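Observations on the model geometry
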Amino acid sequence: MPSLEILSGKHAGQVFSFAGDAKIGKDDSCTIQLTDPGVSRFHAQVRVSGGTVQIEDLGSSNGTYVNFKKRAKGDPATLNDKDIVFFGRTVSKFWATAPEGGRGGVPVELLRETVPIKGLTCPKCQQDIEVELAAAVREAERVEIVRRLGLHETDVPTLQRLLQLAGQ
């Protein structure tokens, strides 16, 4: 059964499983109710059709992101196993089947393979520059993850839990 495991925020550690369509937001009528400040009353909608799960932002004020890419209202995104989904500042991980005892973790490789660095050479000296660029991408990943997760604003227990999950 598809699930969303909440990795940060007020609902960190909770796993919400759903067999069919699910509305996400603060409202009492939502299937997945998230009461974090950055979540709208009706934030997003998950639709299950056959083996496909799609998510669509419902015009939320803080946006819905799938793997760091903001989704526009009315522009559904197909969710794949282990995708990271942001609802405002609430970070979750999508599981195609329910996680066993919570498998969490924030993948630090989300930005990798979005920058073509394999086989690049310096145009002046013809030296391979892949290693240097890979290090720069890893640093950019760290900065982006800190920014997106709001770790600079996170309380110590939540930060420690995220670091523990990231090490798994």
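Report follows, based on the coordinates. As a convention, each chain's residues are numbered from 1 in the sequence order in which they are written. In view of the model being predicted, local features appear only for residues whose pLDDT reaches at least 70, and side-chain atom pairs are presented and counted only at 80 or more, with totals across whole chains, interfaces and linings using the full set of residues. As a rule here, side-chain values cover all heavy atoms of the structure and leave hydrogens and water aside.

Things to note about the pairing of strand 10 (residues 84-87)
Here is the rule: Burial classification: accessible surface area is computed with a 1.4 Å probe over protein chains only, and a residue below 20% of its type maximum counts as buried, one above 50% as exposed, and the rest as partly exposed. Elements are defined by DSSP. Helices are runs of H or I of four residues or more, strands are runs of E of two residues or more, and each kind is numbered from the N terminus. Here a strand pair is declared whenever DSSP counts at least two bridges between the two strands.
Here strand 10 shows a buried face lined by Ile84 and Phe86 and a second buried face lined by Val85 and Phe87. In this sheet, strand 10 lies alongside strand 7 (residues 64-66) in antiparallel orientation, the contact comprising three bridges. By the bridge assignment, Val66 is partnered in strand 10 with Val85. Both strand 10 and strand 11 (residues 90-95) contribute to a ladder of four bridges, which runs antiparallel. In the strand pairing of strand 11, Phe86 is matched with Val91. Linking strand 10 to strand 11, which pair antiparallel, is a turn of two residues; within it Gly88 sits at a positive phi near 65°.

Section: the sheet that holds strand 9 (residues 77-79)
As summarised here, the arrangement of the five strands in space is 4-3-5-6-9, forming an open sheet in which the pairing is mixed. Either end of the sheet is taken by a strand with one partner, and the two such strands are strand 4 (32-33) and strand 9. Two strands pair when backbone bridges link them, and strand 3 (residues 22-25) and strand 4 are joined in this way by two bridges, in the parallel orientation. Within strand 4, the residue paired with Ile24 across the bridge is Ile32.

Focus on the pairing of strand 3
Bridge count between strand 3 and strand 5 (residues 44-49): three bridges; the pairing is antiparallel. Along strand 5, the bridge assignment pairs Ile24 with Ala44.

A closer look at the pattern of salt bridges
Rules: One speaks of a salt bridge when a side-chain nitrogen belonging to Lys or Arg is within 4 Å of a carboxyl oxygen belonging to Asp or Glu.
All chains considered together, the criterion is met by three salt bridges. Where Arg47 meets Glu56, a salt bridge forms, and the shortest distance between an N and an O atom there is 2.9 Å. Among the residues examined, Glu56 registers a relative accessible area of 17% and is labelled buried. Arg71 is the partner of Asp75 in a salt bridge, and the nearest nitrogen-oxygen pair spans 3.2 Å. With a relative accessible area of 34%, Asp75 lands in the partly exposed category. Since its relative accessible area comes to 18%, Arg71 is described here as buried.

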